[in-house]
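Here are the chains, one letter per residue:
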Amino acid sequence: MASERPVLKGEVRSEFGKGFARRLRVAGRVPGVVYGHAVDVLHFSVDRLELTALIRANGVNAVFELELEGEQHLVMVKHIDQNVLTFDIDHIDLLSIKRGEKVEVEVPLTIEGEPAPGLMFIQDADVLLVESDVLNIPEEIAVSIEGLEDGTVVTAGDITLPEGTTLVAEEDTVIVSISEPEVDEDVEAAAEAAEEGGAEAGADSEEGAEASEEKKDEE
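What you are looking at is a predicted structure, and each value in this text was computed from that prediction instead of being measured.

Conventions and cut-offs
Residues numbered from 1 in each chain as written. Predicted model: local features only at pLDDT ≥ 70, side-chain atom pairs only at ≥ 80, totals over all residues. Heavy atoms only, no water. Buried < 20%, exposed > 50% of the residue type's maximum accessible area, 1.4 Å probe, protein only. Helix = DSSP H or I, 4+ residues; strand = E, 2+ residues; numbered from the N terminus. Pairing = 2+ DSSP bridges. Arc of directions from axis to C-beta. Polar contact = N/O pair within 3.5 Å; in protein donor to acceptor, adjacent residues only side chain to side chain. Axes fitted to C-alpha atoms, helices over the stretch in contact; angles between N-to-C directions. Salt bridge = Lys/Arg side-chain N within 4 Å of Asp/Glu carboxyl O.

**Student:** Provide a residue-level description of the pairing of strand 10 (residues 141–144), including the pertinent values.
**Tutor:** Residues of strand 10 alternate between two faces, with Ile 141 and Val 143 buried on one and Ala 142 and Ser 144 left unburied on the opposite face. Of the strand pairs in this sheet, strand 7 (residues 102–112) and strand 10 are connected by 4 bridges, and their pairing is parallel. Among the inter-strand pairings, Thr 110 is bridged to a residue of strand 10, identified as Ala 142.

Now the structure itself:
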């Protein structure tokens, strides 16, 4: 990860309430709060486009410098509220942090590779709870399923973590399971019935054609 942290400029806010927050959002700004380390809670707003770009570039556990009134605060994203319709960021909670400390975070999991031929996988967990240095939080953790056989279950304890990151989740937490594709018996029965019906219809059609030919011959 980069040694220099991105800087996001914000404005301190002293007004609160749904009405004020709504006006901020209409103006293209996102209300937020910073807390942690026994500091006074800081209420602020930032430009929505700049915040969205920062999250996209640095991930949901982004660590950056929030600049308020000329002073920079080292923070990390703790929680994001998104609009259910537009997916715009409606509010953000930030955690004030110190260099050198470790934090517990949920890191996204990515599946790599394919299981043995003819098999499928079911991903039971999308994120993994780990502890990491606040300035070296992995953006994602890879889970390889290459060539795994039927019945294989990958748990949190099986995953190789990046250096400096330790597991917080229970080791037996199921991440991925490998199995044969499930067959819907009702769909399969309907397909067989349709196939049999088509064969019978074809036989009846052939018999009808033969009877018609015989009748013509008699005439």
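That covers the picture; the talk isn't over yet.
**Student:** Describe helix 2 (residues 48–58), naming the residues involved and giving the relevant values.
**Tutor:** Of the positions making up helix 2, those classed as buried are Arg 48, Leu 51, Thr 52, Leu 54 and Ile 55. What you see down the axis of helix 2 is that its buried residues fit within an arc of 160°, all on one side. Exposed and oriented more than 90 degrees from the buried face of helix 2 are Leu 49, Arg 56 and Ala 57. Its side-chain oxygen at 3.0 Å from the backbone nitrogen of Leu 49, Asp 47 defines the N-terminal cap of helix 2.

**Student:** Before we move on, can you summarise the sheet that holds strand 7 with the specific residues and values?
**Tutor:** In sheet architecture, strand pairing relies on hydrogen bonds along the backbone and comes in two forms, parallel and antiparallel. With mixed pairing, the 4 strands of this open sheet are ordered in space as 10-7-9-12. Every other strand in the sheet has two partners, leaving strand 10 and strand 12 (165–167) as the edge strands with one partner each. For this sheet, the mean angle separating the axes of adjacent strands, direction not counted, is 45°. Here strand 9 (residues 127–133) runs beside strand 12; their pairing, made up of 3 bridges, is antiparallel. Of the residues in strand 12, the one forming a bridge with Glu 131 is Thr 166.

**Student:** How would you explain the pattern of salt bridges if you had to name every residue and give the values?
**Tutor:** All chains considered together, the criterion is met by 2 salt bridges. The partner of Arg 25 in a salt bridge is Asp 90, and the shortest N-O contact between them spans 3.8 Å. Separated by 65 residues along the polypeptide, Arg 25 in helix 1 (residues 18–26) and Asp 90 in strand 6 (residues 89–96) bring together distant segments of the chain. For Arg 99, the salt bridge goes to Glu 65, with nearest N and O atoms at 2.9 Å. With a gap of 34 residues between them, Arg 99 in the loop between strand 6 and strand 7 and Glu 65 in strand 4 (residues 63–68) connect regions that are remote in the sequence. For Glu 65, a relative accessible area of 8% gives the class buried.

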